[in-house]
Amino acid sequence: MIKSRLCEMIGTKYPIIQAGMGPFSNNNLAVAAANAGVLGLLSTSGLTSRDQQPFVYDAFIKSAEASPDDDMPTAIKKVLKRTHRLTKDKGGIFGINVMVAAEMAAEAKIIIDTAIRVREENPEMKKNFKVIFTSAGDPVGWKDKIKGAGFTWMHVVPSVKGALRCKKAGVDVIVASGHEGGFHTSWEPVHSMILLPAVVENVSDEKTLVVGAGGFCDGKTLAAAFVLGADGAQMGTRFLATEESDFHQIWKEAVVAAGDRGTLVARGFVGPARWIKNARSEEHAKNTLKKSPGVFLGVPDDFTTIDMSLIQFELDSIKAVYEGNKEKALMAAGEAAQRINNMPKVNDMVQTIVKEAEDILRGIQKKHLS
Ligand SMILES: Cc1cc2nc3c(=O)[nH]c(=O)nc-3n(C[C@H](O)[C@H](O)[C@H](O)COP(=O)(O)O)c2cc1C
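Quick caveat: nothing in here was measured; it's all calculated off a predicted structure.

**Observations concerning the sheet that holds strand 5 (residues 152-157)**
Phase 1: Overall, parallel pairing links the 8 strands, which are arranged 1-2-3-4-5-6-8-9 in a closed barrel. Strand after strand, the sheet turns through a mean of 25° between neighbouring axes, direction not considered.
Phase 2: As paired strands, strand 5 and strand 6 (residues 173-177) are joined by 4 bridges and run parallel to one another. Residue pairing across strands places valine 156 opposite valine 175, the latter belonging to strand 6.

**What about the layout of surface pockets?**
Phase 1: Taken as a whole, the second largest pocket encloses approximately 260 Å³ of empty space.
Phase 2: Among the elements that line the lining of the second largest pocket, the one with the most residues is helix 9 (residues 219-227), at 3 residues.
Phase 3: Taken together, the residues of the lining of the second largest pocket break down into 5 nonpolar, 5 polar and 4 charged.

**Regarding the site of the ligand**
Phase 1: Taken together, the neighbourhood of the ligand is formed by 22 residues, with Asn97, Ser135, Gly215, Gly236 and Thr237 sitting nearest.
Phase 2: Between the ligand and serine 135, the relevant distance is 2.7 Å, taken from an oxygen atom to a side-chain nitrogen or oxygen of the residue.
Phase 3: Glycine 215 has a polar backbone atom sitting 2.8 Å from an oxygen atom of the ligand.
Phase 4: Within the complex, the protein chains bury 95% of what would otherwise be the 600 Å² of accessible surface of the ligand.
Phase 5: Of all the secondary-structure elements, those providing two or more residues to the shell around the ligand are strand 3 (94-99), strand 9 (233-235) and helix 10 (237-240).
Phase 6: Here the shell around the ligand is composed, by residue class, of 11 nonpolar, 11 polar and no charged.

Scoring rules and cut-offs
- Residues numbered from 1 in each chain as written.
- Predicted model: local features only at pLDDT ≥ 70, side-chain atom pairs only at ≥ 80, totals over all residues.
- Heavy atoms only, no water.
- Pairing = 2+ DSSP bridges.
- Helix = DSSP H or I, 4+ residues; strand = E, 2+ residues; numbered from the N terminus.
- Axes fitted to C-alpha atoms, helices over the stretch in contact; angles between N-to-C directions.
- 1 Å grid on protein atoms, 1.4 Å probe; cavity = no way out; pocket = protein on both sides within 12 Å on 5 of 7 lines; lining within 4 Å.
- Points joined across faces, edges and corners; volume = space filled by probe spheres on them.
- Nonpolar A, V, L, I, M, F, W, Y, C, P; charged D, E, K, R; others polar.
- Near = heavy atom within 4 Å.
- Polar contact = N/O pair within 3.5 Å; in protein donor to acceptor, adjacent residues only side chain to side chain.
- Areas by Shrake-Rupley, 256 points an atom, 1.4 Å probe, with all protein chains shown as cover.

Encoded structure:
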């Protein structure tokens, strides 16, 4: 049976992480993933959208069995208790994804403080709710809170420099996210084939684990993550296109329909982002070239310098998704979309991935070693 240090560290059956993905919640997806034996990650980005994108917040609240009148901490408490209730019998392991970009630091603090408090108040949750997974920002400064409360801490990075910063910060599991990945990518991107072994070589040791992200979507790519020295693989786009995924049906169908060279990079809310190719994203890429060329040159801009019409275009296009308007929709996905041709149930998909990886790893030994 396939195994790794990741399973030992957090207690999952399989060395796979279901990526945290917004703007939809992952409230049902994370339950299905945890119960299928992988780490299920709740997304929290939808919770920070109450004022700017109320439809995002409402969809999140609905799938959390919370109320539209709930404030953010109450909604978080409800979603954590719900996830625990639905995973405890099967021993599912779950965590919470929190974006800690400077622009979102205040909300990140509320989410992390609430998660810690809710677990303290419900100690039986400790068997299942094990991980705080930070992303999109600097990990330094969060250790005392997260590790002090006894969580396993994971953080995602796009570079060796970022991975070294994680090591300094005291992160347990460093997720190296290559340019193939869906939605937010790096200003200076590196693909998984180069990034993952480089991060492993620089930071992996007896205490620090490395997981690959970006392009991992089946048994072949999971096996490749091990060959490259990782302790597991995180999959986003693959889990998005599943029966239980909370994403809008048009987004899931767009992943399945994306073919050869089915994605492109253009401006996203907090930097460059990978979108499914359609007329709308092609228009967005052209506007990005004019108004935020740093996306293609590796020169960052932020909310103090960017032409806000790009951000408004994205907000309008995300609203279109919630309205089911395919023509105006911008939908993010990784390059893996071109290798995804079905929308299975999460448990069946995990079993298929694991079996394929096991067969490949056994086969490789037979085929390539005398
Ligand atoms: C639709 C979508 C939304 C995402 N949202 C987030 C997010 O809110 N926070 C985050 O850390 N990563 C986010 N990601 C990135 C994933 O967590 C993951 O690292 C990435 O999808 C891995 O690449 P893959 O799509 O090739 O599997 C998102 C990815 C997708 C496709």
